[in-house]
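# Understanding the architecture of this molecule
Here is how the chains run, residue by residue.
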Amino acid sequence: MSNFMSTISYQFYITRRAICLQTKRLTATPPWWSWFCSVNCHTVPEVVLQLNEQKGTPNNKVTKRCKKQRPSCQFVLDHFDEQYSKELGDLWASARTVLLDPNSWQYGVMLNRFSAVTDITEILQIKGFSSLLLQTDLQSEHSLRLPHSTLQCYIHPYPLRFPSQAHRPGQLKQYYLLNAASLLPVLALQVRDGEKVLDLCSAPGGKAVAMMQCATPALLCCNEPDPHRRDWLSRTLESFLPHSLNSRVIVSAQDGRSFGQSEAGTYDKVLVDAPCSNDRSWLYSSSSQQGEQRLKERARLPALQAQLLRSALSAVRPGGVVVYSTCTLSSSENYTVVETVLNDCPEAEPEDLWEEIAIPLSKYFTFSPAHPDLGILVVPQPGKTWGPMFLSRIRRRK
Ligand SMILES: C[S@@+](CC[C@H](N)C(=O)[O-])C[C@H]1O[C@@H](n2cnc3c(N)ncnc32)[C@H](O)[C@@H]1O
């Protein structure tokens, strides 16, 4: 067990199985209870716990029975050890500890501004969650100059997981569970009302939903070429957005590499949340054969990512911006892709996210100090398990 975990006197997860809420207000709120009891039990860890909570002091007596954890894939781990100890130096040992301990992973709860139900904020606060983007972040010396006042995400200092909500046709979900670092590319994009926005690699749609929490664009085109993932994307959009936005939010099925040709200069903002080696899930490959296969395919990703980024730079209008992001620590899929594309696109100019995002949000996230001129990389660390997430913002010169 990591140092981090051993210093925690409690760890609690929510299940519908066994929960004692002694907060009068909560037990007196039937809609919350019925919502809570309706969650899909299979989506949360197999953990039994008891919460005896008081507002703001989650020093609960907890009984936990963790589901047996799937072992990590030694083949992938060896590969990561070799690569990331070189690329991340000392940060890798602590990132490794987090990645190898899924019980330490934190979850963010992004609220859905379109859902009518209003008691979630109170429930989250009672459980010890706090808002990720506090007004104080906005007003600090290194202020976040971002139009995100309607984007609300709650995080907890410990790995408490809210239950996910099942898809119910015709009913909007109240919140989306996510790795809070996933919001950073959306914040960097700075979507504003009335803009035309392209989400080039969109499924399952978490960042598209986050963009719609920030502003009401004239058009959000969510592109996803994989048919199964596109169905998932459509379900996500249906679960979070009201019908009144149907004409503004469209789903397209192109190969992102050719999007720039077919819709050149059309968009104000483009997000390229590229297919990448997903470090968290690859580490839990079901067999060394699967791990080996994934690592072989890894070599092909930078070329695909560079093509997608070039296509995005063609799809954006002169003066518009592209945000490129991945959920890998791998330098060759992050800094190298950005650098390669900048080298052959003289009209593309990288923008500083270190001052704008990394410094103001450094109390929540750990950023690698490497190459801040090309982008910023969130590295999971004990107590701040968010990431991996790389993001770079590139403006197309006028
Ligand atoms: C990291 S995921 C995107 C996650 C999504 N942005 C979100 O926040 O939920 C990358 C997506 O890119 C899609 N993809 C793969 N190849 C693509 C291509 N050539 N063009 C566009 N999208 C592609 C994958 O199917 C996958 O759904």
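Before any of the text, the structure's been laid out above.
This one's a predicted model, so the numbers in the text were calculated from it and none came from an experiment.

## Some words on the overall build of the protein chain
- Within the protein chain one finds 16 helices and 12 strands.
- Within the protein chain, the fraction of its 398 residues that count as buried is 54%.
- Counted over contacts in the protein chain with a minimum sequence separation of 6, partners at least 24 positions apart contribute 76%.
- As presented, the protein chain carries roughly 17,200 Å² of accessible surface, and 50% of it is formed by carbon and sulfur atoms.

## Comments concerning the pattern of salt bridges
- Summed over the entire model, instances satisfying the criterion amount to 13 salt bridges.
- In this structure, R298 engages D279 in a salt bridge whose closest nitrogen and oxygen atoms are separated by 3.6 Å. Linking R298 in helix α13 (residues 288-298) with D279 in helix α12 (residues 279-282), this pair joins segments that are 19 residues apart in sequence.
- By relative accessible area, which is 7% here, R298 ends up buried.
- One salt bridge in this structure joins E351 and R395, with 2.6 Å as the shortest N-O distance. Of this pair, E351 sits in strand β10 (residues 348-351) while R395 sits in strand β12 (residues 389-396), and the two are 44 residues apart along the sequence.
- Several salt bridges share partner residues, and in doing so they unite E351, E356, R393 and R395 into one network.

## Some remarks on the sheet that holds strand β4 (residues 175-178)
- Taken in spatial order, the 4 strands line up as β2-β3-β1-β4 in an open sheet, and their pairing is antiparallel. Lying at the two open borders of the sheet, with one neighbouring strand each, are β2 (130-131) and β4.
- Here β2 pairs with strand β3 (residues 153-155) via 2 bridges, running antiparallel. Across the sheet, residue S130 finds its bridge partner in β3, namely I155.
- With respect to the sheet, helix α9 (residues 206-214) is in contact with β1 (108-111) and β4, its orientation differing from that of β1 by roughly 50°.

## Some words on the site of the ligand
- Surrounding the ligand, one finds 19 residues, the nearest of these being G206, E224, R229, G256 and D273.
- Contacts to the ligand include A203, whose backbone N or O atom sits 3.2 Å from an oxygen atom.
- Between a nitrogen atom of the ligand and a side-chain N or O atom of D255, the distance comes to 3.0 Å.
- For the ligand, the accessible surface in isolation is 600 Å², of which the surrounding protein chains cover 85%.
- Those elements that provide at least two residues to the shell around the ligand are α9 and α11 (256-262).

## Describing unusual backbone geometry
- Across the junction of A203 and P204, the peptide omega takes the value 5°, indicating a cis bond.
- Its location among the elements puts P204 in the loop between β5 (196-199) and α9.
- The amide bond that connects G387 to the next residue, P388, takes the cis arrangement and shows omega of -5°.
- Here the phi dihedral of Q190 falls at roughly 55°; this positive angle occurs in a residue that is not glycine.
- By relative accessible area, which is 14% here, Q190 ends up buried.
- Backbone geometry at H371 places phi at a positive 40°, although glycine is not the residue there.
- Topologically, H371 is positioned in the loop between α16 (354-358) and β11 (376-378).
- Classification of H371 as partly exposed rests on a relative accessible area of 41%.

## Some thoughts on helix α4 (residues 74-88)
- Helix length check: α4 (15 residues) gives 20 Å between terminal C-alpha atoms against 21 Å at 1.5 Å per residue, within 8%.
- Where α4 is concerned, the buried positions are V76, L77, F80, Q83, Y84 and L88.
- For α4, the secondary structure elements touched by its buried residues are α5 (91-99), α12, α13 and β11.
- G89 lies just past α4 and shows a positive phi near 60°.

## With respect to the packing of aromatic side chains
- By the definition in use, this model includes 13 aromatic pairs.
- Residues F129 and F162 carry aromatic rings whose centres are separated by 5.6 Å and whose planes lie at 80° to one another, so their mutual orientation is edge-to-face. Here F129, found in the loop between α6 (120-126) and β2, pairs with F162, found in the loop between β3 and β4; they are 33 residues apart in sequence, far enough to count as distant.
- Ring pairs connect the aromatic residues W354, Y364, F365 and F367, which therefore count as one cluster.
- Directly above the aromatic system of Y107 lies the positively charged group of R161, at a separation of 4.5 Å from the ring centroid.

## Examining the environment of P382
- Structurally, the position occupied by P382 is in the loop between β11 and β12.
- For the pair P382 and V98, spaced 284 residues apart in the sequence, the C-alpha separation amounts to 6.1 Å.

## Thoughts on the nonpolar core
- Ranked by internal contacts, the top residues of the largest apolar core, which has 50 residues, are L200, V270 and V272.
- Sorting the residues of this core by element identifies α4, α5, β6 (219-223), β8 (267-273), α14 (301-315), β9 (316-326), α15 (335-344) and β12 as the ones contributing at least two each.
- The leading source of residues in this core is α14, at 7 residues.
- Once you skip the residues sitting within four places of it in the chain, V270 turns out to touch L189, L198, L200, A312, A315, V316, V321, V322 and V323.

Parameters at a glance
Residues numbered from 1 in each chain as written. Predicted model: local features only at pLDDT ≥ 70, side-chain atom pairs only at ≥ 80, totals over all residues. Heavy atoms only, no water. Helix = DSSP H or I, 4+ residues; strand = E, 2+ residues; numbered from the N terminus. Buried < 20%, exposed > 50% of the residue type's maximum accessible area, 1.4 Å probe, protein only. Contact = heavy atoms within 4.5 Å. Areas by Shrake-Rupley, 256 points an atom, 1.4 Å probe, with all protein chains shown as cover. Salt bridge = Lys/Arg side-chain N within 4 Å of Asp/Glu carboxyl O. Pairing = 2+ DSSP bridges. Axes fitted to C-alpha atoms, helices over the stretch in contact; angles between N-to-C directions. Near = heavy atom within 4 Å. Polar contact = N/O pair within 3.5 Å; in protein donor to acceptor, adjacent residues only side chain to side chain. Expected span 1.5 Å × (residues − 1). Phe/Tyr/Trp six-rings, centres within 6.5 Å; stacked < 30°, edge-to-face > 60°. Lys NZ or Arg CZ within 6 Å of the ring centre and 35° of its normal. Core = buried A, V, L, I, M, F, W, Y, C linked by side-chain atoms within 4.5 Å.

Coordinates in, geometry out; function isn't part of it.
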